[in-house]
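Examining the three-dimensional arrangement
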Amino acid sequence: MESLTRIASFSVDHDYIVPGIYVSRIDGDITTYDLRTRKPNNDSDDYMDNLTMHSVEHMFATYVRNSSIKDNVIYFGPMGCQTGFYLLVRDANDDVVFDTVVDTLKKIIAHDGEIFGKVRKECGNYKNLDIEAAKTEAKKYLDALLSSKIRFKYPER
Ligand SMILES: [Zn+2]
């Protein structure tokens, strides 16, 4: 069997990760941020459910693509391990991205009305969306983000 190269994110010891924002990788002018909302492999099996991830995805993607960095947002979406989201930004400045993430979370929390894109034509599973689930997760993550001392760089083991 041919040997496969281990991808960079698998080289981080996930037992040392706490909720926060981290630079996962830089490819040319594109920076991949891990917006880690939950502690990986936590003892209480505290993971985001699909409804939460999907709802945050709709809200965060829409607001961040209307932010001051909108032209440089390449992608936003959930991690399959249910412990966070990926945010890909071109020509990123860490401090600007941090402020944008905080601002985006605040907009989700203050959002008045229905979830963006909650219509059959615009989504692959439009019934699986709930604004309160998005707000609850945004609040929780905002608190974690603002109280976290480690920023951008994954903790050393
Ligand atoms: Zn959707």
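Presented here is a report on the structure given in the accompanying data block. A quick note: this is a predicted structure, and the numbers were derived from the prediction, not measured.

Thresholds applied
- Residues numbered from 1 in each chain as written.
- Predicted model: local features only at pLDDT ≥ 70, side-chain atom pairs only at ≥ 80, totals over all residues.
- Heavy atoms only, no water.
- Core = buried A, V, L, I, M, F, W, Y, C linked by side-chain atoms within 4.5 Å.
- Buried < 20%, exposed > 50% of the residue type's maximum accessible area, 1.4 Å probe, protein only.
- Helix = DSSP H or I, 4+ residues; strand = E, 2+ residues; numbered from the N terminus.
- Contact = heavy atoms within 4.5 Å.
- Pairing = 2+ DSSP bridges.
- Donors = N, O, S within 2.8 Å, 3.2 Å for Na, K, Ca; no water.
- Lys, Arg positive; Asp, Glu negative; His and termini not counted.
- Salt bridge = Lys/Arg side-chain N within 4 Å of Asp/Glu carboxyl O.
- Axes fitted to C-alpha atoms, helices over the stretch in contact; angles between N-to-C directions.

**A short note on the nonpolar core**
Grouped together as the largest cluster of nonpolar side chains are 33 residues, with contacts concentrated most on Ile 21, Leu 35, Phe 60, Leu 87 and Val 101. Residue assignment for this core shows that the elements contributing at least two residues are β2 (30-36), α1 (50-64), β3 (73-78), β4 (84-90), α2 (94-110) and α3 (131-147). If one sorts the elements of this core by residue count, α1 sits on top with seven residues. Once you skip the residues sitting within four places of it in the chain, Phe 60 turns out to touch Leu 35, Phe 76, Val 101, Thr 104, Leu 105 and Ile 108.

**Some thoughts on the pairing of β3**
Pairing of β3 with β4 involves five bridges; the strand directions are antiparallel. Bridge pairing in β4 links Phe 76 to Leu 87. Where β3 folds back on β4, the antiparallel hairpin that results is connected by five residues, among which Gln 82 adopts a positive phi of roughly 65 degrees.

**Details of the coordination of the zinc ion**
Coordination angles at a metal have ideal targets, namely 109.5 degrees for four tetrahedral donors and 90 or 180 degrees for six octahedral donors. For the zinc ion, the protein coordination sphere consists of His 54 (NE2), His 58 (NE2) and Cys 123 (SG), at 2.1 to 2.2 Å. Read in sequence order, the donor residues for the zinc ion give the motif H-x3-H-x64-C. One end of the pair, His 58, is in helix α1; the other, Cys 123, is in the loop between α2 and α3, and 65 residues separate them in sequence. Of the two residues examined, His 58 and Cys 123, each falls in the buried class.

**As for the side chain of Thr 37**
Looking at the secondary structure, you find Thr 37 in the loop between β2 and α1. The class for Thr 37 is buried, based on a relative accessible area of 7%. Non-local contacts of Thr 37, meaning those with residues more than four positions away in its chain, are made with Pro 19, Met 48, Thr 83, Gly 84, Phe 85, Glu 137 and Tyr 141.

**Brief notes about the side chain of Lys 135**
Examined against the element boundaries, Lys 135 turns out to sit in helix α3. Here Lys 135 occupies a buried position and makes no salt bridge, while the nearest side chain of opposite charge, Glu 132, is found at 4.6 Å. Contact partners of Lys 135, with chain neighbours within four places excluded, come to Ile 108, Ile 109, Ala 110 and His 111.

**Describing the pattern of salt bridges**
In the structure shown here, the tally under the stated rule is six salt bridges. A salt bridge links Glu 137 to Arg 38, with the nearest nitrogen and oxygen atoms 2.5 Å apart. Of this pair, Glu 137 sits in helix α3 while Arg 38 is found in the loop between β2 and α1, placing the two residues 99 residues apart along the sequence. In terms of burial, Glu 137 and Arg 38 fall into one category: buried. Between Asp 103 and Lys 107 there is a salt bridge; the shortest N-O distance is 3.2 Å.

**A short note on the sheet that holds β4**
Overall, antiparallel pairing links the four strands, which are arranged β1-β2-β4-β3 in an open sheet. Taken across any chain shown, the strands that pair with only one partner, and hence form the sheet edges, are β1 (20-27) and β3. Looking at each pair of strands side by side, their axes are set apart by 20 degrees on average, direction ignored. Sheet strands in contact with α1 are β2, β3 and β4, and its direction is about 165 degrees off that of β3. Sitting on the sheet, α3 is in contact with β1 and β2, with an inclination near 80 degrees to β1.

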